[in-house]
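If you want the building blocks of each chain, they are given just below.
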Amino acid sequence: MMNNSSSRRILITGGAGFIGSHVVRHFVTQYPNYHIYNLDALTYAGNLENLVDIESESNYTFLKADITSRELLGELFALHNFDSVIHLAAESHVDRSITDASDFIQTNVQGTVNLLDACKNKWKEDNSGKRFYHISTDEVYGSINEGKFNENSPYSPNSPYAASKAGSDHFVRAYHTTYGLPTVISNCSNNYGPYQFPEKFIPLCINNIIHQKALPVYGKGENIRDWLHVEDHVKAIDCIFHTGKIGETYCVGGDNELTNIELVKNLCELMDIMLDRRTGGSEQLITFVADRPGHDFRYAIDSRKLKNELGWKPENSFEKGIQATIQWYLENTMWLEHVTRGSYKDYYQRMYNEKDL
Ligand code: NAD
Ligand code: DAU
């Protein structure tokens, strides 16, 4: 176990994205002795506005860099002497991976291997106190009709995104077995909360309800996801980073399963009240559209190992968490407008042909 009070030099990748920005904020504010380096390529999904409140803290440095560049990573490791990595940078949207898998292979697989090599090369003399923590997804296990996935479930990824994350998990595990790299992995269920890019279902629906636009529900809306508030994921990440056993995997979930249609109706009901609109008005925006190819029916994850061995538990009920999340988007419509400019508009039009909506 690492000593929380000692000084550490932690590289967090993907820190300008949704989950990464919450992780960066948490580590910068909770651990003033640590120096946090946020490495991000600032793709369409990365936004430094997510971190304006902590950007001038003395224990924070932003590094604009792409993990697909091996050379640059080597230089950064030489310059900053990182002793730990929390790796979140990824292409993360399933629908984009179905349109074109190439960026997913480059960033999620090759980029992860580049980071593993940078750690292997830099830490080869002395691995003690070092840690490579890989943030992954429950989607690597595929779909489950009954019961829950756990750390021993076989990998069965169904989307190109999930396949690329599965590939990255395998490389992380292999670098531990082959080279003794001190790695740990966690696989988490669907996150929700502030700063999530509005191509993902919850912020997309919130944004569309605000603008009274159609709410595209794939298929019959019967698919099930397990939703976890992003702050609970961040607490799991802190816990696993500090106390997780080297070489182990931990599953993280919210025990909060909803069908997509239940979820969207819940959002409509809450937002009618919060926006002082006619009851039932937003529900009329629900539009059933063609299903996602290979759409996983249900994700459910068993977090007992993390709870029993490391003492983590989620603290936000979905009822409170979703209300606070909607409130945040209503108070941050400028953020929504900013991130949905430009290339997002083309993307949205391609995905949801205006004729269908
Ligand atoms: P996100 O898309 O919001 O953010 C990804 C970040 O990575 C962005 O800031 C982007 O600029 C950066 N990035 C992308 N390619 C890069 C590259 N080549 N080099 C450097 N930076 C690059 O993603 P998210 O939803 O915050 O997910 C973060 C991580 O957590 C991912 O690894 C994802 O697989 C995993 N995860 C996400 C969820 C979820 O529900 N969102 C659940 C479980 C696991
Ligand atoms: O399970 C963890 C994963 O959760 C993460 O690894 C991914 O990075 C993250 O994007 C998320 O994947 P999903 O595909 O589950 O999330 P998404 O928000 O895209 O979709 C949630 C559900 O809503 C899914 O069943 C598809 C459906 N959906 C999605 C969109 C964008 C719709 O019905 N309509 C939509 O327009």
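Further up the page is the structure itself.
Quick caveat: nothing in here was measured; it's all calculated off a predicted structure.

Undergrad: Tell me about unusual backbone geometry, and please be specific about residues and values.
TA: Of note, Asn81 is a non-glycine position whose phi angle comes to about 55 degrees, a positive value. The backbone phi angle of Tyr195 is positive, close to 70 degrees, even though this residue is not glycine.

Undergrad: Let's hear about the environment of Ser92: which residues, and what values?
TA: Relative to the assigned elements, Ser92 resides in the loop between β4 (84-87) and α3 (94-99). The spatial distance from the C-alpha of Ser92 to the C-alpha of Gly17 is 9.8 Å, given a sequence separation of 75 residues. Other than its neighbours up to four places away in sequence, Ser92 contacts Phe104, Tyr161 and Lys200. Separated by 2.9 Å, the side chains of Ser92 and Lys200 make a polar contact.

Undergrad: With reference to specific residues and values, describe the nonpolar core.
TA: Core analysis: the biggest nonpolar cluster contains 33 residues, and Ile12, Phe27, Ile86 and Leu306 have the highest contact counts within it. Sorting elements by how many residues they give to this core places helix α7 (residues 230-243) first, with 7 residues. With sequence-adjacent residues up to four places away left out, Ile12 is seen in contact with Val23, Val24, Phe27, Ile36, Tyr37, Asn38, Leu39, Ile86 and Leu88. The next biggest cluster of nonpolar side chains, apart from the first, holds 29 residues, and it includes Leu215, Val217, Cys268 and Ile286.

Undergrad: Before we move on, can you summarise the packing of helix α6 (residues 201-210) against helix α10 (residues 318-331) with the specific residues and values?
TA: Axis separation between α6 and α10 bottoms out at 11 Å; the angle between their running directions is 55 degrees. By the angle between their directions, the pair α6 and α10 is classed as oblique. For α6 against α10, the interelement crossing comes out right-handed. Residues Ile202, Pro203, Ile206 and Ile210 of α6 touch α10, and the partners they reach there are Ile322, Thr325, Ile326, Tyr329 and Leu330. Residues of the contact of α6 with α10, tallied by class, amount to 8 nonpolar, 1 polar and no charged.

Undergrad: Any chance you could break down the environment of Ile273 for me, citing the residues and the numbers?
TA: Positionally, Ile273 belongs in helix α8 (residues 260-274). For the pair Ile273 and Phe201, spaced 72 residues apart in sequence, the C-alpha to C-alpha distance is 20 Å.

Undergrad: Give me the pairing of strand β10 (residues 249-252): which residues, what numbers.
TA: Burial along β10 is two-sided: Thr249 and Cys251 and Tyr250 and Val252, pointing in opposite directions, are all buried. Pairing of strand β6 (residues 183-188) with β10 involves 4 bridges; the strand directions are parallel. Bridged to Ser186 within β10 is Tyr250.

Criteria and thresholds
- Positions within a chain are numbered from 1, following the residues in the order the chain's sequence is written.
- Labels are handed out in written order, letters beginning with A for the chains and numbers beginning with 1 for the ligands.
- Only residues with pLDDT of 70 or above have their local features reported here, since the model is predicted, and side-chain atom pairs are shown and tallied only from 80 upward, although totals for entire chains, interfaces and linings are computed over all residues.
- Side-chain numbers come from the whole structure's heavy atoms, not from hydrogens or water.
- Strands here mean DSSP runs of E at least two residues long; helices mean DSSP runs of H or I at least four residues long; both are numbered from the N terminus.
- The contact rule is simple, with two residues in contact once any of their heavy atoms fall within 4.5 Å.
- Polar contact is defined as a pair of N or O atoms within 3.5 Å, subject to the rule that within protein one atom must be able to donate a hydrogen and the other to accept it, and that residues adjacent in sequence are counted only when both atoms are side-chain atoms.
- We call a set of buried Ala, Val, Leu, Ile, Met, Phe, Trp, Tyr and Cys residues a nonpolar core when their side-chain atoms join them within 4.5 Å.
- Each residue is placed in one exposure class: buried if its accessible area under a 1.4 Å probe, protein chains only, is under 20% of its type's maximum, exposed if it is over 50%, and partly exposed if it falls in between.
- Convention adopted: a line fitted to C-alpha atoms gives each axis, helices being fitted over their contacting stretch, and angles between N-to-C directions are expressed from 0 to 180 degrees.
- Orientation categories follow fixed angle ranges, with anything under 35 degrees roughly parallel, anything over 145 roughly antiparallel, 65 to 115 roughly perpendicular, and all other angles oblique.
- Take the far helix as the reference: if the near one is turned anticlockwise from it by less than a right angle, the crossing is left-handed, and if turned clockwise, right-handed.
- The residue classification treats Ala, Val, Leu, Ile, Met, Phe, Trp, Tyr, Cys and Pro as nonpolar and Asp, Glu, Lys and Arg as charged. All others, Gly included, are polar.
- Note on pairing: DSSP must find at least two bridges between two strands before they are called paired.

Worth remembering: the numbers are spatial, not functional.
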